[in-house]
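One letter stands for each residue in the lines below.
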Amino acid sequence: KQNKIIFIFLGPDCSVFIITSTTGNGEPPHHAIGFKGVIEDALKNEKQILKGLKYAVFGLGSSIYENFCTFGKFCNSSIEALGKVPLKSHADSLRI
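None of these values were measured; they are calculated from a predicted model. (Residues numbered from 1 in each chain as written. Predicted model: local features only at pLDDT ≥ 70, side-chain atom pairs only at ≥ 80, totals over all residues. Heavy atoms only, no water.)

**So, the environment of I19**
Here I19 is to be found in strand β1 (residues 15-21). What makes I19 exposed here is its relative accessible area of 61%. Along the backbone, I19 and F58 are 39 residues apart, and their C-alpha atoms lie at a distance of 4.8 Å. Beyond its immediate stretch of four places on either side in the chain, I19 contacts F58 and L60. (Helix = DSSP H or I, 4+ residues; strand = E, 2+ residues; numbered from the N terminus. Buried < 20%, exposed > 50% of the residue type's maximum accessible area, 1.4 Å probe, protein only. Contact = heavy atoms within 4.5 Å.)

Below, the structure written as structure tokens:
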């Protein structure tokens, strides 16, 4: 069964908060694999699928792992590369 990702733009005053973990060797959690694919395709094709979106990313993980918060960092850098405006400048996650 393939995941389907549907983006609905709710207007210029909307904000999106992405809260995610990183699994395994820096991969997204299983429910976010489709989201990662959509973002990678948009980057590759330079599509502006999230134009005007205000967003923030909170990546969760343990700093004992080599790929600490890799997927959260991917989300932040990828969405920012698509021309979006972060709600807050990047700050390191809380480390445990």
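**Things to note about helix α1 (residues 33-45)**
For α1, spanning 13 residues, the distance from its first C-alpha to its last is 18 Å, which sits close to the expected 18 Å at 1.5 Å a residue. Contact partners of the buried residues in α1: β1 and α2 (70-81). Just downstream of α1 lies E46, where phi reads positive at about 55°. (Expected span 1.5 Å × (residues − 1).)

**A closer look at the environment of S15**
Mapping S15 onto the fold places it in strand β1. Given a relative accessible area of 36%, S15 falls into the partly exposed group. Separated by 40 residues in the primary sequence, S15 and Y55 place their C-alpha atoms 5.4 Å from one another.

**Description of a nonpolar patch on the surface**
Nonpolar side chains collect at one region of the surface, where I19, F58 and L60 lie side by side and expose about 280 Å² of accessible area between them. Locating L60 in the fold gives a position in strand β2 (residues 54-60). With a relative accessible area of 36%, L60 lands in the partly exposed category. (Patch = residues over 30% accessible without salt bridge, like charges linked within 9 Å, V, L, I, M, F, W, Y side chains within 5 Å. Areas by Shrake-Rupley, 256 points an atom, 1.4 Å probe, with all protein chains shown as cover. Salt bridge = Lys/Arg side-chain N within 4 Å of Asp/Glu carboxyl O.)

**Some points on the packing of aromatic side chains**
One pass over the structure, following the stated rule, counts 1 aromatic pair. Sitting over the face of the ring of F74, K36 holds its NZ or CZ atom 5.3 Å from the ring centroid. (Phe/Tyr/Trp six-rings, centres within 6.5 Å; stacked < 30°, edge-to-face > 60°. Lys NZ or Arg CZ within 6 Å of the ring centre and 35° of its normal.)

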